[in-house]
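Remarks on the overall topology
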Amino acid sequence: MASFGWKRKIGEKVSKATSQQFEAEAADDKDVGDDDDGNWVLAAKRRKEVLLEDCVRKSKELKDEGANLAENRRYREALVKWDEALQLTPEDATLYEMKSQVLMSLHEMFPAVHAAEMAVQRNPRSWDAWQTLGRAQLGLGEIALAIRSFQVSLHIFPMNPEVWNEDLSWARKLQEQQKATKTESVQALAKGKELVQESIPDYDFESDEIVAVCAAIAEKEKALSAAKTMVIVSASGTVETVTEQDNCPATPDETLFIKAR
């Protein structure tokens, strides 16, 4: 009975030509597999690139639509467009910077500061983002922080006349006014304390004059307590004032009608 070749061990009674043919076929199969893997990776990479390009293109369209809406003062609609664009390109610092400007126009200062901070985080080299952040901080009354943001903007773009002449100049003027107001408040408070202290005289309660006055008041109270007076109104209508002594009280007669002290 003939034996089957698949039962034989590798290399056992196998001709050299057969072995070489088998190795060649195995190499061809391996090359084909490698080519298939490489093609799949390239296809996936290309698909990802196309998807990113589509996201960027759609995000730009939404950004432009929002800009047109903002120019027509349709700020809420512009924010919706830019939020949709951020879903596609979340690292776009320009979208956050534009959002911050619109939020300031809507007098929503806290969200405006947050959006500007997001813009600065994503692009620290954007002088626009730092300028917008400074304006938003100024809207919150954070003058010192706003001045720092304007200075960073100028460090990036030193020849920007708008930041020099408008933003930074205005912020420093507000800072000087704030310092002057604080100084006036401190001076008024100190003056008020001085007036309060002056309104309370510093008496020396152990001086001879004070002791003499206290003694005179005590003698007068003693005399008043020793002698008491009564107003007697008789039944006939006669009014009589009677002085009553502690050791010898005056008792009215039976004609007493009204007694008043």
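What counts, and where the lines are drawn
- Residues numbered from 1 in each chain as written.
- Predicted model: local features only at pLDDT ≥ 70, side-chain atom pairs only at ≥ 80, totals over all residues.
- Heavy atoms only, no water.
- pLDDT = per-residue confidence, 0-100.
- Contact = heavy atoms within 4.5 Å.
- Axes fitted to C-alpha atoms, helices over the stretch in contact; angles between N-to-C directions.
- Helix = DSSP H or I, 4+ residues; strand = E, 2+ residues; numbered from the N terminus.
- Parallel < 35°, antiparallel > 145°, perpendicular 65-115°, else oblique.
- Left-handed = near helix turned anticlockwise from the far one by under 90°.
- UniProt positions renumbered as here; feature names shortened; annotations may be inferred.
- Buried < 20%, exposed > 50% of the residue type's maximum accessible area, 1.4 Å probe, protein only.
- Expected span 1.5 Å × (residues − 1).
- Polar contact = N/O pair within 3.5 Å; in protein donor to acceptor, adjacent residues only side chain to side chain.
- Salt bridge = Lys/Arg side-chain N within 4 Å of Asp/Glu carboxyl O.

Glancing now at the confidence of the model for the chain. When pLDDT is averaged across the chain, the result is 77; 63% of the residues are at 70 or more. With pLDDT under 50 throughout, residues 1–14 is counted as low confidence; its partners more than four residues away or in other chains account for three contacts. A low-confidence stretch, residues 254–261 (pLDDT under 50), is modelled with 18 contacts involving residues beyond four sequence positions or located in other chains.

Running from amino to carboxyl end, helix α2 (residues 75–88) crosses helix α3 (residues 93–105) at an angle of 160°, the nearest separation of the two axes being 10 Å. Judged on the interaxial angle alone, α3 and α2 are roughly antiparallel. Note on packing geometry: the crossing formed by α2 with α3 is left-handed. Packed against α2, whose contacting residues are Y75, L79, W82, D83, A85 and L86, the element α3 presents L95, Y96, M98, K99, V102, L103 and S105 at the interface.

UniProt marks residues 59–92 and 127–160 with the feature "repeat: TPR" (unreviewed entry), using the numbering shown here. As annotated, residues 127–160 has a helix share of 79% and a strand share of 0%, and its two end C-alpha atoms lie 9 Å apart.

Structurally, the position occupied by S153 is in helix α6 (residues 143–156). On the basis of relative accessibility, which here comes to 1%, the residue S153 falls in the buried class. Residues contacting S153, with those up to four places away along its chain left out, are W127, W130, Q131 and V163.

A few words now on α3. In a regular helix each residue adds 1.5 Å, so 13 residues correspond to 18 Å; α3 covers 19 Å between its end C-alpha atoms and thus fits that length. Of all 13 residues in α3, ten are buried, a share of seventy percent or more. Those residues of α3 that fall on the buried side of the exposure criterion are A93, L95, Y96, E97, M98, K99, S100, V102, L103 and M104. Sitting at the amino-terminal end of α3 is D92, which places a side-chain oxygen 3.0 Å from the backbone nitrogen of T94. Two residues or fewer after α3 comes H107, characterised by a positive phi angle close to 60°.

Counted by the stated rule, this structure contains eleven salt bridges. Between K63 and D92 there is a salt bridge, with its nearest N and O atoms 3.0 Å apart. Within this pair, whereas K63 is found in helix α1 (residues 16–71), its partner D92 is found in the loop between α2 and α3, the two being separated by 29 residues in sequence. You can call K63 buried: its relative accessible area is 19%. Classification of D92 by relative accessible area gives buried; the value is 17%. Measuring nitrogen to oxygen at the nearest pair gives 2.9 Å for the salt bridge that ties D83 to K99. With a gap of 16 residues between them, D83 in helix α2 and K99 in helix α3 connect regions that are remote in the sequence. We classify K99 as buried; its relative accessible area is 16%. One network of salt bridges, in which partners are shared, links D54, R57 and E61.

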